[in-house]
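Examining the three-dimensional arrangement
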Amino acid sequence: MTKYFILILLIGAGCMACSSYKVETVVYTQIDVDTTYQENESISAIIQPYQDSLKEEMNKIIGSANADFFKERPSGDLGNLVADITKLYGLKTLKTDLSLPCISLINNGGLRSPISAGNITVGDVFKLMPFDNTLVILTFEGEVLYDILNYLEKRGGEPVSGLFYNGFYFQVENLSPNETPENFQLITTDYLANGGDDMTFMEKNIKRENTDILLRDAIIQFITEKQEIKLEKYKDNRLSFDDE
């Protein structure tokens, strides 16, 4: 019994000694991938069904647009559309407090592709919103609204919904001009809620509700239900910074 015990200890010590090693050199060979590359048929046979399924899903038509949607500053129809979808989804589907004024705020940088006139596919939405950003509901005290307005003016505009601002006065939807709410809710993405794009005011929230809903999925659902997206509905200048 003692011999076996000693043997186990020796083996264990050897394993521990082997696990504490230091790499002195690394040897590698560069393999160029060019026209001489030969596809592995066995691997391709495994992957192909998944490629076909993915291609079919990405090519699925979910709606149409009657014109091209582009992002612009201070206010663009593409940004207006996505901001409206963000706010609408929050009001209809998420657990927003309907007793509080509600706005949404996203960023132009997150919109990576326009929506072109004609059929809209699932793949088009993935091109527009390739990141897995989830929706977040934040509650703020009213004074934070001025931080948001200052940020929007400094940036020259970012997509918003439920808020009008022309550099002289503002209006939150369902409130009087220049009326500061006691508290309000803001629907945005987790990236921005975490302070992305220098939105440091996000940390001033008094309540945060994370969701597992992807903004991309909310866009797909909206277009699927709407069927046709009309440009003129989103051509409003909800943000402007004229000197007049």
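Residues numbered from 1 in each chain as written. Predicted model: local features only at pLDDT ≥ 70, side-chain atom pairs only at ≥ 80, totals over all residues. Heavy atoms only, no water.

The next thing to look at is helix α7 (residues 215-226). With twelve residues, α7 should reach 16 Å at 1.5 Å per residue; the first-to-last C-alpha distance of 16 Å fits that figure. For α7, every residue scored as buried is listed here: Leu 215, Arg 216, Ala 218, Ile 219, Ile 220, Phe 222 and Ile 223. Looking one or two residues beyond α7, the residue adopting positive phi is Gln 227, at roughly 75 degrees. (Helix = DSSP H or I, 4+ residues; strand = E, 2+ residues; numbered from the N terminus. Expected span 1.5 Å × (residues − 1). Buried < 20%, exposed > 50% of the residue type's maximum accessible area, 1.4 Å probe, protein only.)

Okay, the sheet that holds strand β4 (residues 134-141) next. Strand pairing within a sheet occurs via backbone hydrogen bonds; the two strands may be parallel or antiparallel. Across the sheet, which stays open at both edges, the five strands sit in the order β5-β2-β8-β4-β9 with mixed pairing between neighbours. Two strands bound the open sheet, and with one partner strand each, they are β5 (160-161) and β9 (207-214). Summarising the sheet, strand β2 (residues 102-105) and β5 pair through two bridges and their orientation is antiparallel. By the bridge assignment, Leu 105 is partnered in β5 with Val 160. Of the strands in this sheet, β4, β8 (183-189) and β9 are in contact with α7, which crosses β9 at around 60 degrees. (Pairing = 2+ DSSP bridges. Contact = heavy atoms within 4.5 Å. Axes fitted to C-alpha atoms, helices over the stretch in contact; angles between N-to-C directions.)

Enumeration according to the criterion identifies six aromatic pairs in this entry. On the numbers, 5.6 Å between centres and 25 degrees between planes, the contact of Phe 140 with Phe 184 is stacked. Pair noted here: Phe 140 is in strand β4 and Phe 184 is in strand β8, with a separation of 44 residues, a long-range link. Exposure class is identical for Phe 140 and Phe 184. Each is buried. Ring centres of Tyr 146 and Phe 170 lie 5.6 Å apart, and the angle between their planes is 90 degrees; this geometry places the pair in the edge-to-face category. (Phe/Tyr/Trp six-rings, centres within 6.5 Å; stacked < 30°, edge-to-face > 60°.)

Counting residues in hydrophobic clusters, the biggest one holds 31 residues, and the most contacted among them are Phe 69 and Ile 219. If you list the elements that add at least two residues to this core, you get β1 (61-65), α3 (77-92), α4 (122-128), β4 and α7. Each residue touching Ile 219, except ones within four places of it in the same chain, is listed here: Val 82, Ile 85, Val 125, Leu 128 and Met 129. In terms of nonpolar packing, the next biggest core, distinct from the first, is built from 25 residues, Ile 148, Val 172, Leu 186 and Met 202 among them. (Core = buried A, V, L, I, M, F, W, Y, C linked by side-chain atoms within 4.5 Å.)

The residue Thr 134 is located in strand β4 in this model. Apart from residues no more than four positions distant in its own chain, Thr 134 is found in contact with Thr 188, Thr 189, Asp 190, Thr 211, Asp 212, Ile 213, Leu 214 and Leu 215.

Applying the stated criterion across every chain, the model contains ten salt bridges. Glu 173 is paired through a salt bridge with Lys 87; the nearest N and O atoms lie 2.7 Å apart. One end of the pair, Glu 173, is in the loop between β7 (170-172) and β8; the other, Lys 87, is in helix α3, with 86 residues separating them in the sequence. The exposure class of Lys 87 is buried, given its relative accessible area of 9%. Across the pair Asp 236 and Arg 238 runs a salt bridge, and its minimum N-O distance is 2.8 Å. (Salt bridge = Lys/Arg side-chain N within 4 Å of Asp/Glu carboxyl O.)

Strand order across the open sheet formed by three strands is β3-β1-β10, with mixed pairing between neighbours. Where the open sheet ends on each side, the last strands, each with one partner, are β3 (118-121) and β10 (228-229). Examined bridge by bridge, β1 and β10 share two bridges and lie parallel to one another. If you follow Ala 65 over to β10, its bridge partner there is Ile 229.

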